[in-house]
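Each chain, written out:
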Amino acid sequence: MTAAQHTPSIVESARPQDAETAGHRWIWGSEEDTQRFAQQLADHPALRNAYVTLHGDLGAGKTTLVRHWLRALGVQGRIKSPTYAVVEPHEAPGLSIWHFDFYRFDDPREWEDAGFRDIFASPGLKLAEWPEKAAALTPAADIAIHIEAIDETQRQVSLIAGTPVGRAVIEALKA
């Protein structure tokens, strides 16, 4: 499957009607649980060319999950949050990865100026924190990961599939 076949046009799109029925929930009791989950995500080949959104309040653990996921994929060196840069590119063996943080994204003209359309049209893994700030510009997410802090260590995590790729990944994770 080419990137063009996998990545839909970048236009505002409604959430799939069956997205709620294609989800699953987990409870993470520690950072080690987050790390194990990240390893499971890294082990799934369908996610090597996917768009995954991360939702949750500040401090919920979105960036922590991404850091563990990137390490599990083999990313070396410092992994920093793209809060100010909006996007941080990473390379893993045989894989391009872009980590977006749209928290400070305000102007849709930035999208074109920064070349984000080209990034989303290319193969590789795209991870986006605060995706609602750019929702009208991004394709439908294969998986939306919602992280909610229960207390200092526990997190309730929900995955919602937005595409057939996402549904297949969630089914594999539930097994």
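Throughout, residues of each chain are indexed from 1 in the direction in which the sequence is written. Restriction of local features to residues with pLDDT of at least 70 applies here, the model being predicted, together with a cutoff of 80 or more for giving and counting side-chain atom pairs; totals for whole chains, interfaces and linings are based on all residues. Side-chain numbers here rest on the full set of heavy atoms in the structure, without hydrogens or water.

1. Here's the deal with the packing of helix 2 (residues 31–43) against helix 3 (residues 62–73)
How two helices sit against one another is set out by the angle between their axes and by the gap between those axes. To get an axis, a line is fitted to the C-alpha atoms, and for a helix only the part in contact is used. The angle between two axes follows their N-to-C directions and goes from 0 to 180 degrees. Only DSSP runs of H or I reaching four residues or more are called helices, and only runs of E reaching two or more are called strands; each is numbered from the N terminus. Across the interface, helix 2 lies against helix 3 with an axial gap of 8 Å and an inter-helix angle of 50 degrees. With respect to their mutual orientation, helix 2 and helix 3 come out oblique. As for how helix 2 packs across helix 3, the hand of that crossing is right-handed. Across the interface between the two elements, Glu31, Thr34, Gln35, Phe37, Ala38, Gln39, Leu41 and Ala42 of helix 2 pack against Thr64, Leu65, His68, Trp69, Ala72 and Leu73 of helix 3. When describing relative orientation, an angle under 35 degrees is termed roughly parallel and one over 145 degrees roughly antiparallel, while 65 to 115 degrees is termed roughly perpendicular and anything else oblique. When the near helix sits turned anticlockwise from the far one by under a right angle, the crossing is termed left-handed; a clockwise turn instead gives a right-handed crossing. By the convention used here, residues are in contact when the closest approach between their heavy atoms is within 4.5 Å.

2. With respect to the side chain of glutamate 129
Positionally, glutamate 129 belongs in strand 5 (residues 125–129). Throughout, exposure labels follow a simple rule: accessible area from a 1.4 Å probe, protein chains only, divided by the maximum for the residue type, with under 20% read as buried, over 50% as exposed, and the rest as partly exposed. Asp and Glu are treated as the negative residues and Lys and Arg as the positive ones, with His and the ends of the chain left uncounted. One side-chain nitrogen of Lys or Arg within 4 Å of one carboxyl oxygen of Asp or Glu is enough to make a salt bridge. Buried and without a salt bridge, glutamate 129 has lysine 62 as its closest oppositely charged side chain, separated by 4.6 Å. Definition of a polar contact: a pair of N or O atoms within 3.5 Å, with one able to donate and the other able to accept a hydrogen when the atoms are protein atoms, and with sequence-neighbouring residues admitted only if both atoms are side-chain atoms. Separated by 2.8 Å, the side chains of glutamate 129 and threonine 63 make a polar contact.

3. Re the pattern of salt bridges
Applying the stated criterion across every chain yields a total of three salt bridges. Arginine 36 is the partner of aspartate 33 in a salt bridge, and the nearest nitrogen-oxygen pair spans 2.3 Å. Within this pair, aspartate 33 and its partner arginine 36 are both found in helix 2, separated by three residues, close to a single helical turn. With its nearest N and O atoms 3.0 Å apart, the salt bridge here joins glutamate 171 to lysine 174. With a gap of three residues between them, glutamate 171 and lysine 174 both fall in helix 6 (residues 164–174), about one helical turn apart.

4. Details of the pairing of strand 6 (residues 143–149)
Pairing between strands is defined by DSSP: at least two bridges between them are needed. Here strand 2 (residues 51–55) pairs with strand 6 via four bridges, running parallel. Bridge pairing in strand 6 links histidine 55 to histidine 146. Across seven bridges, the pairing between strand 6 and strand 7 (residues 155–161) is antiparallel. Each residue of the ladder has a partner; that of isoleucine 147, found in strand 7, is valine 157. Hairpin connection, strand 6 to strand 7: the antiparallel pair is bridged by five residues.

5. Describing the nonpolar core
Among the nonpolar cores identified, the biggest contains 32 residues, and Trp69 and Ile145 are the most heavily contacted of them. Among the elements that line this core, the one with the most residues is helix 3, at five residues. The criterion is simple. A nonpolar core is a set of buried Ala, Val, Leu, Ile, Met, Phe, Trp, Tyr and Cys residues joined through side-chain atoms within 4.5 Å.

6. A short note on helix 3
Over its 12 residues, helix 3 runs 17 Å from end to end, which matches the ideal 16 Å to within 8%, given 1.5 Å per residue. Those residues of helix 3 that sit buried are Lys62, Thr63, Leu65, Val66, His68, Trp69, Leu70 and Leu73. Just downstream of helix 3, glycine 74 is the residue with a positive phi angle, here 105 degrees. Residue count minus one, scaled by 1.5 Å, sets the expected span of a helix.

7. Structural notes on the packing of aromatic side chains
In this scheme Phe, Tyr and Trp rings, the latter by its six-membered ring, pair at centre separations within 6.5 Å, and the angle between planes marks the pair as stacked below 30 degrees, edge-to-face above 60, and tilted otherwise. Summed over the entire model, instances satisfying the criterion amount to nine aromatic pairs. Summarising the aromatic geometry, the rings of tryptophan 26 and phenylalanine 37 are spaced 5.1 Å apart at their centres and angled 65 degrees between planes, so their arrangement reads as edge-to-face. A residue pair is termed long-range when its members are at least 10 positions apart, and tryptophan 26 in strand 1 (residues 23–28) and phenylalanine 37 in helix 2 qualify at 11 residues. Each member of the pair, tryptophan 26 as well as phenylalanine 37, is classed as buried. Taking 5.3 Å as the distance between ring centres and 70 degrees as the angle between the ring planes, the aromatic pair formed by phenylalanine 102 and phenylalanine 105 counts as edge-to-face. Classification of phenylalanine 102 by relative accessible area gives buried; the value is 0%. On the basis of relative accessibility, which here comes to 3%, the residue phenylalanine 105 falls in the buried class.

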